[in-house]
Each structure stands twice: as C-alpha cells, then as structure tokens.
Amino acid sequence: VTPQRTAYASPELDLPSTRHITLLDLLDRLLAGGVVVRGHITLAAADIDLVELDLALLVVATQKLMER
Amino acid sequence: MSLLLYAVTSSEEKVAGAGLGGMPLQTVEAPPLAAIVSGPAASQPRREELWEYDHVLERLMARHVILPARFGSLMDSRMDVRELLERRQKELRRSLDRVRGTVEFGVTTGWRDQLEPAEPETGTDYLLGRLALHRRASDVARRLEPLGSLARSSRQRVLPRPTLPVTASYLVETDRTEKFIEMVACLDGLLPHVDVVCTGPWPPYSFVEAMPQ
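The structure reproduced in this document is the subject of the present report. (Residues numbered from 1 in each chain as written. Chains lettered and ligands numbered in written order. Predicted model: local features only at pLDDT ≥ 70, side-chain atom pairs only at ≥ 80, totals over all residues. Heavy atoms only, no water.)

Another point: the sheet that holds strand E1 (residues 6–9) of chain A. Read across the sheet, five strands follow the order E1(A)-E9(B)-E6(B)-E8(B)-E7(B) without closing on themselves; strand pairing throughout is antiparallel. Strand pairing shows two members of the sheet lacking a second neighbour, E1 of chain A together with strand E7 (153–161) of chain B, which therefore form its edges. Shown here is a sheet whose adjacent strand axes are inclined to one another by a mean of 15°, direction ignored. Of the strands in this sheet, strand E6 (102–111), E7, strand E8 (164–173) and strand E9 (194–202) of chain B are in contact with helix H4 (residues 123–143) of chain B, which crosses E7(B) at around 155°. (Pairing = 2+ DSSP bridges. Helix = DSSP H or I, 4+ residues; strand = E, 2+ residues; numbered from the N terminus. Axes fitted to C-alpha atoms, helices over the stretch in contact; angles between N-to-C directions. Contact = heavy atoms within 4.5 Å.)

Here it is as structure tokens:
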C-alpha cells in the first residue's frame, strides 16, 4: 500500500520519485518523530527504521541514476 | 496487559474508533491530559502495520487535537501511561497548545541536475567541493524563507544528504494550508536548480517534543 500524502510535487518529477519521497517523509515521521516513550520502542521498530529507510533511500538514488 | 500508545490528547476529547488490527481505541486519563491507546494487535509492532498506524492517526487528527506517538510505543500498563502523562504534563500541555488548529507539512528539495563532481584528487579539492555544495544548499534554504513566515513554527535541515539540499517541516494553521501549498508551487517555479515535493497534511510528528529554539 503506497501512502498518498503528496500535497505538491514539481511537475518535472516522475511519479515513482515523488512516491518515494512521500514514503521517506512518512517513515521519517513515524519512526523518528512523535512523542517518545524512552525505553519502550521495541526492537522490531528499530529494525524497520534501518532497513526501510535505507531501502527507500536506495530506491531514490537508483531512480536518479536511471534518469540520466 | 501491555498497551499500544497512539497519541496524547486533552482529557476533554471523546475518542472512539479502532486502532491496529481493529482493536478498540481507549483513553487513559490523567486530567487535563489523556492518552489514546489500544490493546496490542500483535506481540510486537510489525512493518505492515506502519500504513495502518498512519491511517489511525489520520482519522484521529481529523477529529481531535493530538500529539502523535512514535510508531511502536508499547507501554506496560495503564498505570505506566498515567505516570507518563503526569510526569511530563507541563511539556505535553505546552505542545498541545502549540499544535492546536494546525497540521504539519513536509518539504523536501532535491537537486534537479545531480552534478557528480569529478573524483576529487586531493583532500583540499574534496573540502572545497563540500563547501560549494553547502553554500548552494544554504542558498536554497534562504529562498524557502517565505514558507517559514506562513507557518506557526518550522524546522529546517540543510544538506541532510548530498542529494537533498534542504528538508523541512512546517506547522501550518488549517486555514492557511491552501496558501502554503500555493507558495510551495510558486517557490518551485522560482528555484531553477531544485525540485520540490510537499507532503502532508501530517499529524504534528515533528513538533511534539520540547525542541531547542
């Protein structure tokens, strides 16, 4: 399921890049924002943090490379 | 029984609906604050639940003034939740006041033409390259200032990654959101070297903690 939370995107940006930036923004907020209850964030969530963020960044970087 | 924390709100809010896995939402009250919780849908939060969590929070923010909790916040008991609300009451109340009547928008800028500089031959070349990149990113940050003046509060990161000159979060009053998005589009047209993406509206994820000013 792709989050549809894009309020505006440069007309020159393709849809996948826009989606990935939106995904990144969502992950950044869910995993690095919000009220923090110290010591209660589970390890599972910490795993998602690293894996998903890296993956999303990789996808954006690859997208850029392919556009050249 | 452990509880999954979704958000902190005022104890005057009447909260209903479902959380992750259809678990009914409940409140744990410690007036003037309340926490929105549910029983855990699984023993540990799973990655598939990220989107569902976002939807739960989206529904909550449409009806209530909330401070969203970071995904995966498991509390041991209702007593634990109450203790959290009491211990941090002052800070949480201040944050609730700050976000009342607002939504959050994210703004990401990316270089339109990613100029890969030639592999630097010396350490000095490398540092000069970094400096030039940082100057260009700071310039983008300056050009985004009109967005900051439309917002109640904002946070900017300059060059969080070499590919991203600026990422920022803005706390925007609900009756100004249209104007804000128009301004984003306008700045995107004015900035020749970057593409701009604006995401949201989000619950105020980036404005819940006491931040250094």
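Attention shifts here to the side chain of B:Ser169. Within the fold, B:Ser169 resides in strand E8. Of note is the side chain of B:Ser169, whose polar atom sits 3.0 Å from the side chain of A:Arg29. Setting aside residues no more than four positions away along its own chain, B:Ser169 makes contact with A:Arg29, B:Glu104, B:Phe105, B:Ser153, B:Ser154, B:Arg155, B:Ser206 and B:Phe207. (Polar contact = N/O pair within 3.5 Å; in protein donor to acceptor, adjacent residues only side chain to side chain.)

Following the criterion strictly, the structure yields 13 salt bridges over all chains and no others. Across the pair A:Arg29 and B:Glu104 runs a salt bridge, and its minimum N-O distance is 2.6 Å. Taken as a pair, A:Arg29 in helix H1 (residues 15–32) and B:Glu104 in strand E6 lie in two separate chains rather than in one. One continuous salt-bridge network, built from bridges that share partners, spans A:Glu12, B:Arg112, B:Asp188 and B:Asp195. (Salt bridge = Lys/Arg side-chain N within 4 Å of Asp/Glu carboxyl O.)

The next point concerns the environment of B:Arg88. Following the sequence through the fold, B:Arg88 ends up in the loop between helix H2 (78–87) and helix H3 (89–99). If we skip the residues at most four places from it in the chain, B:Arg88 touches A:Val35, A:Val36 and B:Glu209.

Turning to H2(B), a few remarks are in order. One turn of the α-helix equals 3.6 residues, which is why residues spaced by three or four share an orientation. Residue and element names in this part refer to chain B. Listed in full, the buried residues belonging to H2 are Val81, Leu84 and Leu85. All buried residues of H2 lie within an arc of 95° about the axis, which places them on one face of the element. In H2, the exposed positions angled more than 90 degrees off the buried face are occupied by Met79, Glu86 and Arg87. On its buried face, H2 is in contact with strand E1 (3–10), strand E2 (26–30), strand E3 (33–38), strand E5 (74–75) and H3. (Buried < 20%, exposed > 50% of the residue type's maximum accessible area, 1.4 Å probe, protein only. Arc of directions from axis to C-beta.)

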